[in-house]
Amino acid sequence: MVIAIIGVLATIGGIGTNTAMEKMKKNQAQKDLIDLQNAVRLYYNSYKKYPVAGSGADVTVETDAAFMNPLLGADDEALNPKGTVFFSGQAAKDRGGSPAGGVAFEANGGGALYDPWGNLYSVTIDTDRNNRITKPGWDAEATVPIVANQPAIAWSPGEDKEVDETQDNVKSWK
Ligand SMILES: [Ca+2]
Ligand SMILES: [Ca+2]
C-alpha cells in the first residue's frame, strides 16, 4: 500500500516536473527570439545594413553559423569588422550527442544557435526595408498577416520539431 502511494506520488511529481521543464524551455525560446530580433536591430544600427544579402524580397534564414557569426562577434572581417557582440548566447548543452539550448561555439567564437529542443531558429529579415514582414504560411490563425516596424521576426518549430504542427511553435510576434 505504501509503495503504491509512493508510486502514484512519483508519477504525479514526474508529470509536474515535465510541465515545468517544458515551460522553462518555451520561455528560453521566447527570450532567444526577442534577443535575435534585438541583435538584428543593433547590427543594423551599427552598420546601416543587414547581416544577410537582400534579393528584392525579405530573406528567411536559419540560425546556422553563417548567420550567427557576425551577430556573435566572431572573427568576420567582411560582415562585422568592428567585432561587436550583438547576440550573447549561452553555450549549447549536449542532448544525446546533439546540441540544444544555446550556441554550439566554435574556435572562432561563432557557431550555430539551437533552440531548447535542438532545432535551429528561423529568422525573416526586412531586407527590402519596407518596414513590413509577412508572417510565415504556417501561422494560419494570423488575422493580420504582416508584422510592421520590426527589423526581423523569428520562430521555433517547438518540441515536436515540425513547423506545420503549430500548437507548440514559439514565435516572436503576437
Ligand atoms: Ca519587408
Ligand atoms: Ca511544432
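Each remark here, short or long, concerns the structure printed above.
This write-up is about the structure you can find in this document. Being a predicted model, the structure only gives us computed values, none of them experimental. Here the residue numbers are simple positions, counted from 1 along each chain's written sequence. Chains carry letters and ligands carry numbers; both start at the beginning, A for chains and 1 for ligands, and go up in the order they are written. Per-residue local features of the predicted model are confined to residues with pLDDT of at least 70, and side-chain atom pairs are confined, for both listing and counting, to 80 or more; whole-chain, interface and lining totals are unaffected and use all residues.

### Description of the overall build of the protein chain
Put simply, DSSP H or I for four residues or longer makes a helix, DSSP E for two residues or longer makes a strand, and each gets a number counted from the N terminus. A count of helices and strands for the protein chain gives 2 helices and 10 strands. Mapped in sequence order, the helices and strands of the protein chain form the string α-β-α-β-β-β-β-β-β-β-β-β. Dimensions of the protein chain, computed from C-alpha atoms along their principal axes, come out at roughly 70 × 45 × 20 Å. Partly exposed residues are those whose C-beta has more than 12 but fewer than 20 other C-beta atoms within 10 Å; with 20 or more the residue is buried, with 12 or fewer it is exposed, and the C-beta atoms are placed from the backbone. In the protein chain, buried positions account for 32% of the 174 residues. Taking contacts inside the protein chain between residues at least 6 apart in sequence as the whole, the part at least 24 apart equals 57%. Here contacts are defined at the residue level, using C-beta atoms placed from the backbone and a cut-off of 7 Å between them.

### Some words on the sheet that holds strand β6 (residues 122-125)
Remark on secondary structure: sheet strands pair via backbone hydrogen bonds, oriented parallel or antiparallel. Two strands qualify as a pair provided DSSP detects at least 2 bridges between them. With antiparallel pairing, the 4 strands of this open sheet are ordered in space as β1-β6-β9-β10. Sheet topology places β1 (59-62) and β10 (170-171) at the edges, where each strand pairs with a single neighbour. Strand direction decides the pairing type here: β1 and β6, joined by 4 bridges, are antiparallel. Bridged to Val61 within β6 is Val123.

### A closer look at the nonpolar core
A set of buried residues drawn from Ala, Val, Leu, Ile, Met, Phe, Trp, Tyr and Cys, joined through C-beta atoms within 7 Å, is what defines a nonpolar core. Counting 30 residues, the largest nonpolar core has Leu36 and Ala154 as its most contacted members. When residues of this core are traced back to their parent elements, those giving at least two are α1 (2-47), α2 (65-72), β4 (102-105), β5 (111-114), β6 and β9 (152-156). In terms of residue count, the dominant contributor to this core is α1 (6 residues). Ignoring anything within four residues of it in the chain, the contact list for Ala154 reads Leu33, Leu36, Gln37, Tyr121, Ser122, Val123 and Ser172.

### Comments concerning unusual backbone geometry
If you check the backbone angles, Lys48 has positive phi at about 60 degrees while not being a glycine. With respect to the element layout, Lys48 can be found in the loop between α1 and β1. The backbone of Lys161 shows a phi angle near 65 degrees, a positive value even though the residue is not glycine. Assessed through the 13 C-beta atoms surrounding it within 10 Å, Lys161 is described here as partly exposed.

### Observations concerning the environment of Thr127
Looking at the element boundaries, Thr127 is found in the loop between β6 and β7 (132-134). Separated by 65 residues in the primary sequence, Thr127 and Glu62 place their C-alpha atoms 15 Å from one another. Once residues within four sequence positions are removed from consideration, Thr127 is found in contact with Tyr50, Val52, Gly54, Asp58 and Val59.

### Digging into the environment of Ala154
Checked against the element boundaries, Ala154 lands in strand β9. We classify Ala154 as buried; it has 26 C-beta atoms within 10 Å.

### Regarding the pairing of β4
The sheet contact formed by β4 and β5 spans 4 bridges and is antiparallel. Bridging from a neighbouring strand, Val103 pairs with Leu113 of β5. Count of turn residues in the β4/β5 antiparallel hairpin: 5 residues, of which Gly109 carries a positive phi of about 90 degrees.

### Some words on α2
Counting buried residues in α2 gives 6 out of 8 residues, a clear majority hidden from the surface. All buried positions along α2 are accounted for by Phe67, Met68, Asn69, Pro70, Leu71 and Leu72.

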